[in-house]
Protein chains: 2
Amino acid sequence: MTGSAAAPASTTAAEALVDLLGMVAYGELSAFERMAADARLAPDLRRRAALSEMAAMEIANYGRVAARLTDLGADPEVAMTPYVGVLQAYHDSTEPKDWLEALTKAYVGDGVADDFFHEMAKLIDEPDRQLVLDVIHDKRYDEFAVAEIRAAIEADPKTRNRLSMWARRLVGEVLSQATRVAGQRAALTTLIVTSGGDQAAVQALFRRMTIAHSARMSALGLNN
Amino acid sequence: MTGSAAAPASTTAAEALVDLLGMVAYGELSAFERMAADARLAPDLRRRAALSEMAAMEIANYGRVAARLTDLGADPEVAMTPYVGVLQAYHDSTEPKDWLEALTKAYVGDGVADDFFHEMAKLIDEPDRQLVLDVIHDKRYDEFAVAEIRAAIEADPKTRNRLSMWARRLVGEVLSQATRVAGQRAALTTLIVTSGGDQAAVQALFRRMTIAHSARMSALGLNN
């Protein structure tokens, strides 16, 4: 594993690209697994099938990114391996108790991850930029999750408080794991810092991510 | 739920078709869920991704059958509901302990179910006959499972006995649940008995299924 001790001189743009695509690929594979598992929590067969079909889209996206890694001469398995531990730690610490927690987790937690990939996409060249943008966006899932959660809050206003707390915990866990990754993937961190140009640019990145997260909380009708 | 007390006169070919497609649709949805869950047991990321991608094919097949049910004026959810309990009972009683048991279950257990659907397809008209034949066959999965299991037996011959016993248990559970379904779905049972023509034809159906099962056990290198 590349430690934070790796000299910046040894990190190249190609390495950072493989790091990033490995992270995106593993994110898609994990999203597939999580959505497939969460589908079992669905209150009826219609919703269970709907979430399963959305899960299948994630694995198709995984396939595209894995194929690109192979084209770049990288082994997708090797590229994904550094992210297995952190994703597992995230999921272990944020096991949803029910259908609404599962939906909130997918919408809020993956939303933050997608924002991050969106920011990263700006720092890489085509065709990889478009590939990353293509695979992170699944509007259909967002609409489904927002509709379900808003309806649940309307039916029982106490749900709002419970899910608001849950969403805050999720974001806390995401940031905690993201910090762990940043410490381990020198090439990727270098890409962010050097492309961003300066400290202000990095701060702007986090500000944009915070605004996007607030917008998602509002869409759900949750307190930020 | 249609009990076995339902008069045969009330059961029509259209009802039997919806019964059958409901069973196939739910079979695909369940296969998706099981394969997605089993992927977590994979020993490495390459196999985990391969099984996840195969799972996604099942959900695409589910979508085709559900769409056909809707075309026929049936609600896919209603058509699938009678099979939820038996499938759950089957999965609860046959929880795989590891990767090899999971693969054997998918190959042997789903193999028997697919043979049954194959036999049923002969009794229905086009375009539904071809639809059922299309969705049940996934040669890619079979090849993957056979290669994994044969390699495991070669690496450790003791595996043969353990998996042979496991496969026999699976078939016993499949038959036990199939009998339950036959008792509950009058239209479907009537279709089998009347289309088959006589007792000999029904016996021939079960003989063909037994031969196909033996062929799968041989392919795996397992004792029947």
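That block above? That's the structure.
Let me sum up the structure you'll find in this document. Here the structure is a predicted model, which is why all the values come from computation and not from measurement.

Observations regarding the interface of chain A and chain B
- Taken together, the contact pairs 24 residues of chain A with 24 residues of chain B.
- Summed over both sides, the interface of chain A with chain B buries roughly 2000 Å², with 61% coming from carbon and sulfur.
- The interface formed by chain A and chain B contains four salt bridges.
- A salt bridge links Glu33 of chain A to Arg40 of chain B; the shortest N-O distance between them is 3.4 Å.
- Connecting chain A to chain B are eight residue pairs in polar contact (both at pLDDT 80 or more).
- Counting residues per element, the ones that place at least two in the side of chain A that touches chain B are α1 (13-39), α2 (45-71), α3 (76-80) and α4 (84-93) of chain A.
- With 11 residues, the top contributor of residues to the side of chain A that touches chain B is α2 of chain A.
- The class makeup of the residues in the side of chain A that touches chain B is 12 nonpolar, five polar and seven charged.

Digging into the relation of the copies chain A and chain B
- By a simple turn and slide, chain A fits onto chain B: the slide is 0.0 Å along the axis, the RMSD is 0.0 Å, and the turn is 180°. The transformation relating the two chain copies, once decomposed into turn and shift, fits a two-fold axis. By C-alpha distance to the rotation axis, the residue of chain A lying nearest is Ala56 of chain A, at 2.4 Å.
- Interface residue correspondence from chain A to chain B reaches 100%, placing this contact among same-surface, isologous pairings.

Some details on the nonpolar core
- If you look at the biggest cluster of nonpolar residues, it comprises 143 residues, and the most contacted ones within it are Tyr141 of chain A together with Tyr141 of chain B.
- Look past the residues within four positions of Tyr141 of chain B in its chain and what remains in contact with it is Met35, Leu51, Met54, Ala102, Leu103, Ala106 and Tyr107 of chain B.

With respect to the packing of aromatic side chains
- One pass over the structure, following the stated rule, counts five aromatic pairs over all chains.
- Between Phe116 of chain B and Phe117 of chain B the ring centres are 6.1 Å apart and the planes differ by 55°, which places this aromatic pair in the tilted class. For the pair shown, Phe116 of chain B and Phe117 of chain B are each scored as buried.
- When the ring centre of Tyr90 of chain A is taken as reference, the NZ or CZ atom of Lys105 of chain A above it lies at 5.1 Å.

A short note on helix α4 (residues 84-93) of chain B
Residue and element names in this part refer to chain B.
- Here α4 has its buried residues at Val86, Tyr90 and His91. Around the axis of α4, the buried residues are gathered within 130° of arc, so they sit on the same side.
- Buried-residue contacts for α4 involve α1 (13-39), α5 (99-121) and α8 (158-184).

Quick notes on the rules
Residues numbered from 1 in each chain as written. Chains lettered and ligands numbered in written order. Predicted model: local features only at pLDDT ≥ 70, side-chain atom pairs only at ≥ 80, totals over all residues. Heavy atoms only, no water. Contact = heavy atoms within 4.5 Å. Buried area = accessible area lost by both parts, 1.4 Å probe. Salt bridge = Lys/Arg side-chain N within 4 Å of Asp/Glu carboxyl O. Polar contact = N/O pair within 3.5 Å; in protein donor to acceptor, adjacent residues only side chain to side chain. Helix = DSSP H or I, 4+ residues; strand = E, 2+ residues; numbered from the N terminus. Nonpolar A, V, L, I, M, F, W, Y, C, P; charged D, E, K, R; others polar. Least-squares fit on C-alpha atoms with pLDDT ≥ 70 in both. Core = buried A, V, L, I, M, F, W, Y, C linked by side-chain atoms within 4.5 Å. Buried < 20%, exposed > 50% of the residue type's maximum accessible area, 1.4 Å probe, protein only. Phe/Tyr/Trp six-rings, centres within 6.5 Å; stacked < 30°, edge-to-face > 60°. Lys NZ or Arg CZ within 6 Å of the ring centre and 35° of its normal. Arc of directions from axis to C-beta.

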